[in-house]
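Summary of the model geometry
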Amino acid sequence: RRVLDENLSVREFAAANWTFANESLAKHYGLSGLSGLALQKVRFPADSPYGGLWTQPAVLKVTANGTYTSPVKRGVWVAERLLGIPIPPPPPNTPAVEPDTRGAKTLREQIALHASQGSCAACHAKFDPYGFALESFDVTGSYRTNYRVLNPARKNGPLWTDGLPVDCSGKTPTGQTFSDVRELRKLIAENPAQLARGITRHLVTYATGAPVTRLDQSAIEAIVVAAAKEQHGLRSLVHGVVQSELFRWK
């Protein structure tokens, strides 16, 4: 709502250094100094892994199954929902990638083996890097540095214990390397036009009730270019959509 009201750049969806939190959410984010149930605007520390929609606990929770995370699901969410990159469904009978709870293999190794089969690699390259970066967060959206595995001595201790370290590095589809979610966030924010295209695609779909096609791309690009004069502000994009022929005639 703040991004819309103040016509902030859509880069805030990927790299905002602020959020709204109450006392409980502040603890989740590792922030201090907040009390009560009311949501308050707070700034993240400069080195915080959090920032933007994609690192909100709500998003991180719905892209996990409650027991383990999925770089594939999270990567597809970022590609489709945030960046507007269409991801085709997997081929029929494609097995799901599930973590090795014994900790014998890393999830990255399992996905690499899965992606090496047939034509999977080209598609996975479009979204896996984003999902790997979000491995910094567990199923509840809490920051982590290690995976959890079943504790061999769980009869006399906790059920889960720290396993292999999380490798959240990767390379974007455009060839830019990053070491963690913080660096990837900066790379995404440096290209607000890409974010604007993705968000405009969703705005057009919502406004017209019809999915975007290739024939709509030139009109979407015109909306994005016009909004660049106001740093790709969200309100500018909404106005561009409403004034476009896509909205008035589609």
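Notes on the structure follow. Quantities reported herein were computed from a predicted structural model and do not represent experimental measurements. (Residues numbered from 1 in each chain as written. Predicted model: local features only at pLDDT ≥ 70, side-chain atom pairs only at ≥ 80, totals over all residues. Heavy atoms only, no water.)

Now for the packing of aromatic side chains. Taken as a whole and assessed by the stated rule, the structure comprises six aromatic pairs. Ring geometry for tryptophan 18 against phenylalanine 20: centres 5.8 Å apart, planes inclined by 85°, an arrangement best described as edge-to-face. Judged by centre distance (5.2 Å) and plane angle (75°), the ring pair of tyrosine 29 and phenylalanine 44 falls under edge-to-face. Taken together, the residues span a long stretch of sequence, with tyrosine 29 in helix α3 (residues 23-29) and phenylalanine 44 in the loop between β2 (40-43) and α4 (57-62) at a distance of 15 residues. Accessibility assignment for this pair places tyrosine 29 and phenylalanine 44 in one class, buried. One residue, arginine 2, lies across the ring of tryptophan 18, its end atom 4.5 Å from the ring centre. (Phe/Tyr/Trp six-rings, centres within 6.5 Å; stacked < 30°, edge-to-face > 60°. Helix = DSSP H or I, 4+ residues; strand = E, 2+ residues; numbered from the N terminus. Buried < 20%, exposed > 50% of the residue type's maximum accessible area, 1.4 Å probe, protein only. Lys NZ or Arg CZ within 6 Å of the ring centre and 35° of its normal.)

Before going further, it helps to spend a moment on helix α10 (residues 192-208). With 17 residues, α10 should cover 24 Å at 1.5 Å per step; its first-to-last C-alpha distance of 24 Å lies within 8% of that length. Within α10, the full set of buried residues consists of Ala193, Leu195, Ala196, Gly198, Ile199, Thr200 and Val204. Of the surrounding elements, those touching the buried residues of α10 are α2 (12-15), α5 (71-82), α9 (181-189), α11 (217-227), α12 (234-243) and α13 (245-249). Glycine 209 sits one or two positions beyond α10 and adopts a positive phi of about 75°. (Expected span 1.5 Å × (residues − 1). Contact = heavy atoms within 4.5 Å.)

Locating glutamate 135 in the fold gives a position in the loop between α8 (128-133) and β3 (146-150). At 2.9 Å, the side chain of glutamate 135 forms a polar contact with the side chain of threonine 69. When neighbours within four sequence positions are excluded, glutamate 135 is seen to be in contact with Thr69, Ser70, Pro71, Arg74, Leu107, Arg144, Tyr147 and Val166. (Polar contact = N/O pair within 3.5 Å; in protein donor to acceptor, adjacent residues only side chain to side chain.)

This brings us to the side chain of serine 236. Topologically, serine 236 is positioned in helix α12. Polar contacts involving the side chain of serine 236 include one to the side chain of asparagine 7, which spans 3.0 Å. Dropping the residues within four chain positions of it, serine 236 is found in contact with Asn7, Ala227 and Glu230.

This brings us to the environment of valine 166. Its location among the elements puts valine 166 in the loop between β4 (160-165) and β5 (170-171). The spacing of valine 166 and glutamate 109 is 57 residues in sequence and 12 Å in space, taken between C-alpha atoms. Sequence-distant contacts of valine 166, that is, excluding residues within four places in its chain, are made with Glu135, Ser136, Arg144, Thr145, Asn146 and Tyr147.

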